[in-house]
Amino acid sequence: MTGVPLPEDRQAEVPAISAGKSRTFLARLNLSTWIGLAVVLLLVLAAVFAPLLAPYDPTRQNILNQLAQPGAEYLLGADQFGRDVLSRLLYGARYSLTIGILSILLAMVAGSLAGMVAGHLGGKTDIVLMQFMDVVLAFPSLILGLALVAMMGATMTNILIAIAFTALPAFARVARAAVMAQRDREYVQACRAMGFSGPRILFRHILPAILPEVLVMASLWMATAVRTEASLAFIGLGLAPPNPTWGGMVREGFDNILNSFHLAIFPSLAILLLVLAFNLIGDGLRDAIDPRLKTAS
Amino acid sequence: MLSFLLKRLGFACVTLICVLSAVFVLVRILPGDPALVILGDQASPASVAALNERLGLDRPIWVQYLSFLGSVLQGDLGTSMVTGRPVTEEILHVLPYTIELTIAALALGVLLGVPAGVLAAVQRNRFPDFLMRILSLVGLSLPAFVGAIILLMIFAIRLPWFPIISAGGGDDLLERLRHMALPTLSLALIMTAYITRVTRSAMLEVLSQDFVRTARAKGAPGWAVIWRHALGNCLIPITTVVGLYLGILIGNSVLTEIVFSRPGLGKLILMALSQRDYTLLQGLIVIYTLMVVVVNLLTDLTYGFLDPRVQYK
C-alpha cells in the first residue's frame, strides 16, 4: 500500500503535492475555506470568552431544573443535573479546541522532525524509525488512542499525547518523503557544496519547501483529532466529570435520549460543526497550494 | 505470484510481531501492579505475591515476553482477569457480530458510494455534483456515534420502525435484518462518504483520458463508456480506499455497537475498560490489529485481479 500521509480517513484522495509559493495565496482560497476559517474563529472566540458568554456556571447543579427543555430560561435546555447545556457547550469548546489543535501541533513537530532526520540520515536510523511508524500505523487510530488513554489514565495531557501519537506516523512519512524528494535537488547540492551543516540545510532550506504540505495535513488531521477526542469521551475515556467535554455530554445525554433528546443532539452538532470546519479549511488549503488538484477535484 | 504472496505474508508477519511487542510494552507500562489492581488495595503482600506467581509476573521480563508471543501465536490470549474465562473464547463468541456488521456496512457503502461518485463526476459542477460534495464532506466529518444517535432518534424513537436495542434478532432472518439495519446504515454512511469522494475524483481523472474519447468516438453507448470503460479503470483507487477505510470501519464499529447496544467487540471493550480487565483489553487490541493487517494483505492481493497490468513482484 502506498504511504500517503493524510489522516487515515483522508488518505486515498491525495497525490503527492508539489508546493508552490504565491503572492495571491489568500485570493486562491475558495468560499468554503473562508466559511471553515470563520467557524473555527467563532468557536475559538466562544471558548476564550466562555466565562463572559455563558449564562450559568457549567458545573453548577440545580435540582429544580433537571432535564429542562430548551426555552427562555435555558436556551438549549438543562441536563439531568439541571446544568445549563449552552454554558457547558461553551466551556466544552475549550477542551475540544485545545486537544484538537495542540495534539496535532505536537504530532506535526515531533513527526516531521523524525521524518526529516530519517530521510536525511538514511541507513539504519531510517529503517528503525520508519519501521516503528509502520507499527503504529497498523493500529486503527481510535483503538490505539483508546488503549493509550486507558493505560495512562484520562487526563488532559495524556489524551493530548495519545492523539498526537496516532497522528505521528503520517507526519513522519510526509516529511521523510519530502526530504528524500528535495535531497538531490540542485539547491540542496549547492548548499552542500558550500559546506553547510546537515541541520542548517534541513531547517533553513528544506523545511520551508515542505512546510505548506505539512500545514495542509495538519488542518485535515485536526478534524480527525477532534473526532477522536469526542469518540474517546463518548466511550468514557474523556476528562473526568464534571468537566464539560462535548463527547462526554453526548454520552450523558444518551442516557436520557428517550425523553430529552436535545441533551445528545446539541453537543453532537457542535462536534460535527468543528470537524466540518477543519475539513473545509484543509480541503481549501490543499486546493490553494496545489492548483493542479483543483482541476481534478 | 507465489513469491509475491510469500513476501507479503512475511511482511504481514513481521508487522504482526512488532505490533504484539508494542502491545506487550503498552500493557507493561501501565502504572500500578496488575495483581494489586485485581485484588484491590487491601490485599495482603502474600496474596499479591501468590497472584503474581500464578499470572507469571514474577518471571524475568524477557521470559514473560517470549511466553506471551508464544501463546498468542498459538491463539491463546490469556485468561480474563475478571470472568476467569479464556479471552480467545470471549472474543470468538462475539466476533461474528462485529464482522457481520462491518462487512454489511462495507457492502452498503460501495452500493451507495460508487453510483453517487459516478453521478457527481458525470454531472460535474452541476447540482448533483454540489449536493454529493456537500453530503460526502458532512459524512466524513460525522463521528460514528453522532450518525448512529441521529439515526436512532429518527428511525427507532420518533418512528418506531426499528428496534432501539439491536440485540441480534434471533433466528428469524427478517427480524435479524431489522436489527442490523440501523447499525449497518450508520456505519455505511461514513463509508459511503469516503467512497463517493474517491470515486468522483478517480472518475474525473479517467473521463478526461484519450481512451474514453476513443470509446465515445467509435460510438459506444454513453452508459457503457461510463460504467464499463471508465469505471473499470477506477477500481484500483476505489479498492485502495475500501481497504484503507475498512480498518477505520472496524475501529468505528465500537461506537456503533455501543449506541445500538449490539453485541460485538465494542461491548467487550467497554467491559474491559470499566472493569480494568487488562488481559481482555490486550486481547482485543491484538484482534483489532490482526484484522487490519489481514485487510491490508487482502487489499494488496486484490489489485492483481482488478488490473492485469499490476505485476506481482
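What follows deals with the overall build of chain A. Check the secondary structure of chain A and you find 12 helices and zero strands. Seen in sequence order, chain A has helices and strands lined up from the N terminus as α-α-α-α-α-α-α-α-α-α-α-α. At a minimum sequence separation of 6, the contacts of chain A that also span at least 24 residues come to 74%. Total accessible area computed for chain A in this model is approximately 12,400 Å², and 67% of it derives from carbon and sulfur atoms.

This part covers the overall build of chain B. The number of helices and strands found in chain B is 13 helices and zero strands. When the elements of chain B are put in sequence order from the N terminus, they spell out α-α-α-α-α-α-α-α-α-α-α-α-α. Across its three principal directions, the C-alpha atoms of chain B cover 85 × 55 × 35 Å. Here chain B holds 313 residues, and the buried ones make up 49% of them. Long-range contacts, defined here as pairs at least 24 residues apart, represent 70% of the contacts in chain B between residues at least 6 apart. Surface accessibility of chain B: about 14,800 Å² in total, with carbon and sulfur atoms responsible for 67%. Averaging the positions of the 23 positive and the 18 negative side-chain charges in chain B gives two centres separated by 15 Å.

With that settled, consider helix α5 (residues 87–122) of chain B. With 36 residues, α5(B) ought to run about 52 Å at 1.5 Å a step, and its terminal C-alpha atoms sit 50 Å apart, in line with that. At B:Val94, α5(B) shows its strongest bend, of approximately 40°, with the proline B:Pro96 following within four residues.

As a further point, take the packing of aromatic side chains. Ring pairs (aromatic) are described by centroid distance and by the angle formed between their planes. All names here are of chain B. Enumeration over the complete set of coordinates arrives at six aromatic pairs over all chains. Both rings, one in Phe24 and one in Tyr65, keep their centres 5.3 Å apart while their planes meet at 65°; by these two values the pair is edge-to-face. Pair noted here: Phe24 is in helix α1 (residues 2–28) and Tyr65 is in helix α4 (residues 61–73), with a separation of 41 residues, a long-range link. Given a relative accessible area of 5%, Phe24 falls into the buried group. For Tyr65, a relative accessible area of 24% corresponds to the partly exposed category. Between Phe24 and Phe68, the ring centres sit 5.5 Å apart and the planes meet at 40°, which makes this aromatic pair tilted.

A:Phe171, A:Trp246, B:Phe145, B:Ile149, B:Val259, B:Leu265 and B:Leu281 are the most contacted members of the largest nonpolar core, which totals 159 residues. If we ignore the near neighbours within four places in the chain, the residues touching B:Phe145 are A:Ala230, A:Ser231, A:Phe234, A:Val250, A:Ile271, B:Leu255 and B:Val259. With 10 residues, the next largest nonpolar core counts A:Met116, A:Leu202, A:Ile206 and A:Ile210 among its residues.

What follows concerns the confidence of the model for chain A. Residue and element names in this part refer to chain A. When pLDDT is averaged across chain A, the result is 81; 87% of the residues are at 70 or more. Below pLDDT 50 for its whole length, residues 12–22 participates in 24 contacts with residues either more than four positions away or in separate chains. For the stretch residues 293–297, pLDDT sits under 50, and the model shows 13 contacts to residues farther than four places along the chain or on other chains.

It is worth spelling out the pattern of salt bridges at this point. Considering all chains together, one arrives at nine salt bridges over all chains under this definition. Where B:Arg197 meets A:Asp283, a salt bridge forms, and the shortest distance between an N and an O atom there is 2.9 Å. Here the residue B:Arg197 occupies a position in helix α8 (residues 173–207), and A:Asp283 occupies one in helix α11 (residues 262–289), the pair thus bridging two chains. We classify B:Arg197 as buried; its relative accessible area is 16%. Take A:Asp283: its relative accessible area is 12%, and that puts it in the buried class. Put simply, B:Arg213 and B:Asp210 hold a salt bridge, and the shortest N to O gap is 4.0 Å. Of the two residues, B:Arg213 and B:Asp210 are both situated in helix α9 (residues 210–217); the distance of three residues between them amounts to about one turn of the helix. By sharing partners, the salt bridges in this structure join A:Asp283, A:Arg286 and B:Arg197 into a single network.

This next bit is on the side chain of B:Thr256. Its location among the elements puts B:Thr256 in helix α11 (residues 235–259). Not counting chain neighbours up to four residues away, the residues in contact with B:Thr256 comprise B:Ala144, B:Pro183, B:Ser186 and B:Leu187.

The relative placement of two packed helices comes down to the angle between their axes together with the axis-to-axis distance. All names here are of chain B. Taken N-terminus to C-terminus, the directions of α8 and α11 make an angle of 155°; their axes are 10 Å apart at the nearest point. Between α8 and α11, the interaxial angle falls into the category roughly antiparallel. Seen along the crossing, α8 lies across α11 with a hand that is right-handed. Of the residues in α11, those in contact with Pro183, Ser186, Leu187, Ile190, Met191, Tyr194, Ile195, Val198, Thr199 and Ala202 of α8 are Pro237, Ile238, Val241, Val242, Tyr245, Leu246, Leu249, Asn252, Ser253 and Thr256. Each residue belonging to the contact of α8 with α11 can be placed in one class, and the counts come to 15 nonpolar, five polar and no charged.

This part is about the interface of chain B and chain A. In this complex, chain B contributes 57 residues to the contact, which on the side of chain A involves 45 residues. For the pairing of chain B and chain A, the buried interface totals around 4,600 Å² over both sides, and the portion due to carbon and sulfur atoms is 76%. Its largest share of buried area at the contact with chain A, chain B owes to B:Ser141, B:Phe145 and B:Met153, together 11% of the area lost on that side. Run the count over chain B and chain A and you get one salt bridge. At the junction of chain B and chain A, the tally comes to three residue pairs in polar contact (both at pLDDT 80 or more). Elements with a contribution of two residues or more to the side of chain B that touches chain A: α1, α6 (127–141), α7 (144–158), α8, α11, α12 (265–274) and α13 (278–306) of chain B. The element contributing the most residues to the side of chain B that touches chain A is α11(B), with 11 residues. Split into classes, the residues belonging to the side of chain B that touches chain A amount to 42 nonpolar, nine polar and six charged.

Residue and element names in this part refer to chain A. The grouping of Leu41, Leu42, Leu45, Val48, Phe49, Leu52 and Leu53 at the surface amounts to a nonpolar patch, some 720 Å² of accessible area in total. Contributions of two or more residues to the nonpolar patch are made by α2 (31–48) and α3 (50–53). Counting residues per element, the nonpolar patch draws most heavily on α2, at four residues. In this structure, Leu53 sits in helix α3.

In this section: unusual backbone geometry. Only a minority of non-glycine residues have a phi that is not negative, and only a minority of peptide bonds are not trans. Residues and elements named next belong to chain B. Positive phi, normally seen in glycine, also occurs at Asn125, with a value near 60°. Along the chain, Asn125 falls in the loop between α5 and α6. At Ser261, a residue that is not glycine, the phi angle is positive and equals roughly 50°. Within the secondary structure layout, Ser261 lies in the loop between α11 and α12. Residue Ser261 is classed as partly exposed on the basis of its relative accessible area, which comes to 27%.

Rules and cut-offs
Residues numbered from 1 in each chain as written. Chains lettered and ligands numbered in written order. Predicted model: local features only at pLDDT ≥ 70, side-chain atom pairs only at ≥ 80, totals over all residues. Heavy atoms only, no water. Helix = DSSP H or I, 4+ residues; strand = E, 2+ residues; numbered from the N terminus. Contact = heavy atoms within 4.5 Å. Areas by Shrake-Rupley, 256 points an atom, 1.4 Å probe, with all protein chains shown as cover. Buried < 20%, exposed > 50% of the residue type's maximum accessible area, 1.4 Å probe, protein only. Lys, Arg positive; Asp, Glu negative; His and termini not counted. Charge placed at Lys NZ, Arg CZ, Asp CG, Glu CD. Expected span 1.5 Å × (residues − 1). Bend = angle between axes of the 7 residues up to and from the residue. Phe/Tyr/Trp six-rings, centres within 6.5 Å; stacked < 30°, edge-to-face > 60°. Core = buried A, V, L, I, M, F, W, Y, C linked by side-chain atoms within 4.5 Å. pLDDT = per-residue confidence, 0-100. Salt bridge = Lys/Arg side-chain N within 4 Å of Asp/Glu carboxyl O. Axes fitted to C-alpha atoms, helices over the stretch in contact; angles between N-to-C directions. Parallel < 35°, antiparallel > 145°, perpendicular 65-115°, else oblique. Left-handed = near helix turned anticlockwise from the far one by under 90°. Nonpolar A, V, L, I, M, F, W, Y, C, P; charged D, E, K, R; others polar. Buried area = accessible area lost by both parts, 1.4 Å probe. Polar contact = N/O pair within 3.5 Å; in protein donor to acceptor, adjacent residues only side chain to side chain. Patch = residues over 30% accessible without salt bridge, like charges linked within 9 Å, V, L, I, M, F, W, Y side chains within 5 Å.

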